[in-house]
Amino acid sequence: MTLVSAETVPYALPFREPYVTARGSLSRREMVLFRLRSSEGVAGLGEAVPLSLRGGTGIDEVASQLSELGEALVEAGVWSPPAGDGRTRLHAAMAALSAPAACAAVTARLDLESRERDLPAWRALGALSAEPVTCNATLGAGSPSETARQAALWAADGFRTMKLKVGLGEEEATVAAVRAQLGDEARIRLDANAAWDLEEAGRALAACEPHRIELVEQPVAGLAEMTRLRHMTAIPIAADESVCSAADAERAVELEACDLATVKLSKVGGHLDAVGIAEQLPVYLSSALDGPVGIAAAAHAAQQLRQRRLDAGVAHGLATQRLFSETIASVECELRGDRLHLPQGPGLGVEIDEVALARQRL
């Protein structure tokens, strides 16, 4: 296989409603599509989601990194060229990648190589079968009544696990409203995006604990604070921003800072790094508000984690395509109730709608 072209396309998808968290509000999600083509005419897709609300690398820099990588790949013609200037340039381009750009690169390679072999990506990752991925609902921050309204809509469509964005106040009232709306059978998890300090987290979780919370994501900023908080609450703690690598996960285990971790592929650098984290801590996958390529990549990675018994056995946070009013795909993962179904076909199975991509291009 010879690589003959690389395309970097920044684009954005608008939300149906503003997406509000303790970190801020978004009206659209900006992303970068990375597309490689082989001499056989096969295309591999990757996607980078810059985590701008979390202080990560911005979209312009991510796009620049992927453009440089694409030029180096086409110059080399292969992923692992022999010694020489082409190999030096490619290694330098790879070394310069931020986590979102690295995710796009390794995903595009997986998609391309799987398509070349006429295999679905999950099979190339070593899974023996593919199953629909059970997902949680993701609710934006709002008043207790507004959050309960959102929860009712998700529940009517078959979702049994609700993730509530917290950290703006009224946590106990919000949880109580959702519990009253949905009844005893629903699972409720919280996501504070590290908005609380230790004392605030302790008070908020103590107030919410009687409502039977499944878990709380990143309630405080660092692993040391999470370690202290873990002795203050019976609610399981999931690391998010504090665990971005296998080394972070190993440190979290040493400190007994958390019970599990949630992994976003763009946050950690792709499916290979996700496995490295899962080998240290039980994990579930979450969307970084990805587009269709990123969601499919995570859904395929979920098959590998399940096959290797490395997942946490809870709902994954991959149903966020419902939050967008547009897509750039003609074929993508399909949500039926709270179950995310992989598209058929080799590779990731995603097919791009070129007219839609042109419309959403930045």
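Look above for the structure.
In this report, the structure presented in the accompanying data block is examined. (Residues numbered from 1 in each chain as written. Predicted model: local features only at pLDDT ≥ 70, side-chain atom pairs only at ≥ 80, totals over all residues. Heavy atoms only, no water.)

1. What about the overall build of the chain?
Within the chain one finds 13 helices and 15 strands. Taking 2.2 N^0.38 as the reference for a compact globule, 362 residues should give roughly 21 Å; the C-alpha atoms of the chain span a radius of gyration of 20 Å, in line with that estimate. For the chain, buried positions account for 54% of its 362 residues. For the chain, the share of sequence-separated contacts (at least 6 apart) that also reach a separation of at least 24 residues comes to 69%. Carbon and sulfur atoms make up 47% of the accessible area of the chain, which amounts to about 14,300 Å² in all. Charged side chains in the chain number 35 positive and 49 negative. The centres of these two groups are separated by 3 Å. (Helix = DSSP H or I, 4+ residues; strand = E, 2+ residues; numbered from the N terminus. Rg over C-alpha atoms; globule rule 2.2 N^0.38 Å. Buried < 20%, exposed > 50% of the residue type's maximum accessible area, 1.4 Å probe, protein only. Contact = heavy atoms within 4.5 Å. Areas by Shrake-Rupley, 256 points an atom, 1.4 Å probe, with all protein chains shown as cover. Lys, Arg positive; Asp, Glu negative; His and termini not counted. Charge placed at Lys NZ, Arg CZ, Asp CG, Glu CD.)

2. Concerning the pairing of strand E8 (residues 213-217)
Within E8, five of the five residues are buried, which leaves the element mostly enclosed by the surrounding structure. As paired strands, strand E7 (residues 187-191) and E8 are joined by four bridges and run parallel to one another. For Leu 190, the partnering residue across the bridge sits in E8 and is Val 216. Of the crossover connections in this fold, the one passing from E7 over helix H7 (residues 198-208) to the parallel E8 is right-handed. Bridge count between E8 and strand E9 (residues 237-239): two bridges; the pairing is parallel. (Pairing = 2+ DSSP bridges. Right-handed = clockwise from strand over helix to strand, strands pointing away.)

3. Quick look at the side chain of Thr 320
Along the chain, Thr 320 falls in the loop between helix H12 (292-307) and strand E12 (329-331). Discounting residues that sit within four places of it in the chain, Thr 320 has contacts with Thr 138, Ser 287, Leu 289, Asp 290 and Ile 295.

4. Points about helix H5 (residues 144-156)
Its 13 residues give H5 an end-to-end C-alpha distance of 18 Å, which sits within 8% of 18 Å, the value for a rise of 1.5 Å per residue. Regarding H5, the residues found buried are Pro 144, Thr 147, Ala 148, Gln 150, Ala 151 and Trp 154. Around the axis of H5, the buried residues are gathered within 160° of arc, so they sit on the same side. For H5, exposure combined with an orientation more than 90 degrees from the buried face picks out Ser 145 and Ala 156. Close packing links the buried residues of H5 with strand E5 (137-139), strand E6 (161-165) and helix H6 (171-182). (Expected span 1.5 Å × (residues − 1). Arc of directions from axis to C-beta.)

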